[in-house]
Amino acid sequence: MTTTGADKALRVVEQATDLPLDSHLHTDLSPDSDVPIDVYAASAAERGISEIAITDHVDFDPSYPAYAFADFPTRERVVREAAERWGDRVAIRFGCELTYQRRFEADIRDHLARHRYDFTIGSVHIDLDGPYIADRVASFVQGKSVAEIVRPYFEEVEAAARSGMFDTLGHIDFVKRYLTPHVMPDALAAAPELYEPILRALVDSGTALEVNTSGLRQSAGDTYPTTAIVVLFRQLGGRSVTAGSDAHRAETFAFGLEEGYRVAAGAGFRSLAFRRGAGRLRVPMPARFRT
Ligand SMILES: [Zn+2]
Ligand SMILES: [Zn+2]
């Protein structure tokens, strides 16, 4: 299954309404967001998004922006108190997005052993001293194949998938954002074999794959990952997907999420994977996605 121009024209890339869950959101307890939690809650109530997971950044590398930005007790208190305030209108869950780096795997494992979250996303972000930063990426891609270009990022993502520490793996090809215009997203979509080790690691470790819709509003112009990769995940035995808008601004709450659900449904998924602190569970998709 490939995404054609006609499919793209049908995409619903606006703020969604009437969905059961947005499982990836950043409040002002993340260094790159300015949104108070009540703004998301009010927007969710107004738009008919019945459940949200607050997933502020948790970084372990001292050079990363969220390192020591907001401590666990503060994040937990703010989210739990908001959950109390909004409980009769919106279910608010306490999650986090942990930046995965192989060299900090032991620290992440230790953090997760000591702290209870409702739901966890593991994500690989872009190292400031790595090859994908703006003034370096043009020379880095020179003379390299797509496989060589994505390797540093994808190897880290594969290790994150294999770690089995997370409920879901966030935006697995977020590197697309940093590679355009040097390497366009279509070049990655045309090389699904590059994703296979990551997808197999997710299957082996029982970790869900996230359909992250923030790419729809960024230079990538597509979900992270694209539909064909979600289809391949299912073919390889993947049974759990999540969907999140990864909003950092009030106006991007639930943005593109209708499309994210469609991508998951188009790959054959009938529910989204989630956790509310205890065991893993499934949130059924609304009937309009069951084609
Ligand atoms: Zn992220
Ligand atoms: Zn995020």
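Everything below is about the structure printed above this text.
This report concerns the structure included in the present document. (Residues numbered from 1 in each chain as written. Chains lettered and ligands numbered in written order. Predicted model: local features only at pLDDT ≥ 70, side-chain atom pairs only at ≥ 80, totals over all residues. Heavy atoms only, no water.)

**Topic: the sheet that holds strand β5 (residues 168–169)**
One open sheet holds the seven strands; their spatial order is β1-β2-β3-β4-β5-β6-β7, and the pairing between them is parallel. Strands with a single pairing partner mark the edges of an open sheet, and in this sheet they are β1 (22–25) and β7 (241–244). Where β1 meets strand β2 (residues 51–58), two bridges bridge the pair, whose relative direction is parallel. When the bridges of β2 are listed, L25 appears paired with I54. Of the strands in this sheet, β2 and β3 (91–99) are in contact with helix α3 (residues 72–86), which crosses β3 at around 155°. Helix α11 (residues 257–266) contacts β1, β6 (208–212) and β7 of the sheet and is inclined by roughly 165° relative to β7. (Pairing = 2+ DSSP bridges. Helix = DSSP H or I, 4+ residues; strand = E, 2+ residues; numbered from the N terminus. Contact = heavy atoms within 4.5 Å. Axes fitted to C-alpha atoms, helices over the stretch in contact; angles between N-to-C directions.)

**A word on the pairing of strand β8 (residues 271–275)**
Counting buried positions over the five residues of β8 gives five, a clear majority of the element. Two elements, β8 and strand β9 (residues 280–284), share five bridges in a ladder whose sense is antiparallel. From the neighbouring strand, R275 faces β9, where its bridge partner is R280. As consecutive antiparallel partners, β8 and β9 are separated by four residues, and within that stretch G277 has a phi angle of approximately 95°, a positive value. (Buried < 20%, exposed > 50% of the residue type's maximum accessible area, 1.4 Å probe, protein only.)

**Examining the coordination of the zinc ion (ligand 1)**
Each angle at a metal carrying four tetrahedral donors should ideally be 109.5 degrees, and each at a metal carrying six octahedral donors should ideally be 90 or 180 degrees. Looking at the zinc ion (ligand 1), the protein donor atoms are E97 (OE), H125 (NE2) and H171 (NE2), and they sit 2.1 Å from it. Written as a sequence motif, the donor arrangement for the zinc ion (ligand 1) is E-x27-H-x45-H. In this structure, the zinc ion (ligand 1) lies 3.4 Å away from the zinc ion (ligand 2), the two metals sharing E97 as a donor. Here H125 is found in the loop between β4 (119–123) and α5 (134–141), whereas its partner H171 is found in the loop between β5 and α7 (175–179), with 46 residues between them in sequence. (Donors = N, O, S within 2.8 Å, 3.2 Å for Na, K, Ca; no water.)

Any functional reading would require information beyond the geometric quantities listed.
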